[in-house]
Amino acid sequence: MTRARDDLEALRDPALRSTPLEAESTAQSTTSGPVPGPGETRQDAAAPSPGEPAGAGEPRQAGPERAAAASSAGAAPLQADPRTRGDESLDRERYERYAMPASDLPAANVQAFRGDASGVLAIVRRAVQSVTRDPARHRRRLPKSRFDAIRSLPELAMALDYAVTRMQPESAPPPEVVEKLDLLYGVLRPTLATAEVYFPRSIVPETFGIVRRALVAGDPASATATITNLILDRWSHVQSRIPITREELTQLNSTAKWLLSNTRPPERLDSRDIRDRLWSLLRERYEQLRAIAQEVSGDDSREYAPERLAAD
């Protein structure tokens, strides 16, 4: 609990507010009262500790004034859920901002995420807090773009957490849908990697634009249908070089189109690909942070910027 609260306090450091979005998020959490720990509500977090008299630490009010304050508080009761609607909108905006560059990563460079997103976020927060204590010094030695990318790592980790915990179907899809989504996920990335080799983005930018938007939306069916249509349409140009048979591509294309015809977007939501892309982007930027940590603290940097963010 203490470490979690320390991590949240670290984000209030002005040096870590890399964007207006993050500053707004920090301001909201600050003005909304104490940050509850796991399993606590805001009322629990604000409650006096055992042995502490009620009202300790706050000025006593006269009877009428105290009643008026209670009446005012009763007019707008605190909700049990500490996350407000504004926070949800902020989280979604943050996710979309980082998912777009993540969707541009070459498929061959994307690595699977098998860790705990909340644990990654805690490590990243501590590492960024430690490395950026002297922003002026590092701004002189690093290009502004690289320094800002490092300072924004907590936001990128929050976007990863959003993809892991929030981008889920409204209800469990039927087994048939789950089976087809698993099939698409298993072959989508190698198919994309093949298309990126034989059909560079500069040649068919509109096709890759559709794929990119589908990946951000967590819709592998749309992405798969688009990229397999491209390959099948130009099969005569690549049939002797591509490591996928026409029959495999046709089956994959049929599976994707079945999902598009028989399900609604929320029912086929699958964020595994964009989750892995966010993770891969985070790893790239974290390596930059570790290089700075090594320069600043030498071997001591491993204490707050470990080599591994999660189980690989």
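In this text, all values refer to a predicted model and were calculated from it rather than measured experimentally.

1. Regarding the overall build of the protein
Line of reasoning, step 1. Across its full length, the protein carries 15 helices and zero strands.
Line of reasoning, step 2. Counting over 312 residues, the protein shows a buried share of 42%.
Line of reasoning, step 3. Here the analysis covers contacts within the protein between residues at least 6 apart in sequence; of these, 78% occur between residues at least 24 apart.

2. Some words on the packing of aromatic side chains
Line of reasoning, step 1. Following the criterion strictly, the structure yields two aromatic pairs and no others.
Line of reasoning, step 2. Their ring planes at 55° and their centres at 4.9 Å tell us that F113 and W279 sit as a pair that is tilted. Here the residue F113 occupies a position in the loop between α5 (85-103) and α6 (117-131), and W279 occupies one in helix α15 (residues 272-297), the gap between them amounting to 166 residues. Across the pair, exposure class does not vary: F113 and W279 are buried alike.
Line of reasoning, step 3. Its end group placed over the ring of W258, K180 keeps NZ or CZ at 4.9 Å from the ring centre.
Line of reasoning, step 4. Looking at R272, its charged tip hangs above the ring of Y185, at a distance of 4.4 Å from the centre.

3. Notes on α6
Line of reasoning, step 1. Between its terminal C-alpha atoms α6 stretches 21 Å, which fits the 21 Å expected from 15 residues at 1.5 Å a residue.
Line of reasoning, step 2. Counting buried residues along α6, eleven of its 15 residues qualify, which places the element largely inside the surrounding structure.

4. Considering the pattern of salt bridges
Side chains that differ in sign of charge can pair as their charged atoms come close.
Line of reasoning, step 1. Under the defined criterion, the tally for this structure stands at 16 salt bridges.
Line of reasoning, step 2. The closest approach of N and O atoms between R201 and D104, which form a salt bridge, is 3.2 Å. Note that R201 is positioned in the loop between α10 (175-198) and α11 (205-216) and D104 in the loop between α5 and α6, a separation of 97 residues in sequence.
Line of reasoning, step 3. Judged by relative accessible area, R201 falls into the partly exposed class, the value being 28%.
Line of reasoning, step 4. Owing to a relative accessible area of 35%, D104 belongs among the partly exposed residues under this scheme.
Line of reasoning, step 5. Two residues, R272 and D182, come together in a salt bridge whose shortest N-O distance is 3.0 Å.

5. Overview of the environment of R151
Line of reasoning, step 1. You can see R151 is positioned in helix α8 (residues 144-151).
Line of reasoning, step 2. The class of R151 is buried, set by a relative accessible area of 11%.
Line of reasoning, step 3. A C-alpha to C-alpha distance of 7.4 Å links R151 and T132, two positions 19 residues apart in sequence.

6. Looking at the confidence of the model for the protein
Line of reasoning, step 1. Of all residues in the protein, 64% have pLDDT values of 70 or greater, and the mean over the chain is 74.
Line of reasoning, step 2. Overall, residues 1-86 carries pLDDT values under 50, and its contacts beyond four positions in sequence, including any with other chains, amount to 85 contacts.

7. Remarks on helix α9 (residues 153-165)
Line of reasoning, step 1. Along its 13 residues, α9 runs 18 Å from first to last C-alpha, staying within 8% of the 18 Å computed at 1.5 Å per residue.
Line of reasoning, step 2. Taken across its 13 residues, α9 has ten buried, putting it largely inside the fold.
Line of reasoning, step 3. Of all the positions in α9, only L153, P154, E155, L156, A157, M158, A159, L160, Y162 and A163 are classed as buried.

8. So, the environment of L282
Line of reasoning, step 1. Following the sequence through the fold, L282 ends up in helix α15.
Line of reasoning, step 2. The exposure class of L282 is buried, given its relative accessible area of 0%.
Line of reasoning, step 3. Distance from L282 to P154, taken between C-alpha atoms, is 9.4 Å for residues 128 residues apart in sequence.
Line of reasoning, step 4. When near neighbours in sequence (up to four residues on either side) are disregarded, L282 contacts V120, V124, L153, L156, A157, L160 and L309.

Definitions and cut-offs
Residues numbered from 1 in each chain as written. Predicted model: local features only at pLDDT ≥ 70, side-chain atom pairs only at ≥ 80, totals over all residues. Heavy atoms only, no water. Helix = DSSP H or I, 4+ residues; strand = E, 2+ residues; numbered from the N terminus. Buried < 20%, exposed > 50% of the residue type's maximum accessible area, 1.4 Å probe, protein only. Contact = heavy atoms within 4.5 Å. Phe/Tyr/Trp six-rings, centres within 6.5 Å; stacked < 30°, edge-to-face > 60°. Lys NZ or Arg CZ within 6 Å of the ring centre and 35° of its normal. Expected span 1.5 Å × (residues − 1). Salt bridge = Lys/Arg side-chain N within 4 Å of Asp/Glu carboxyl O. pLDDT = per-residue confidence, 0-100.

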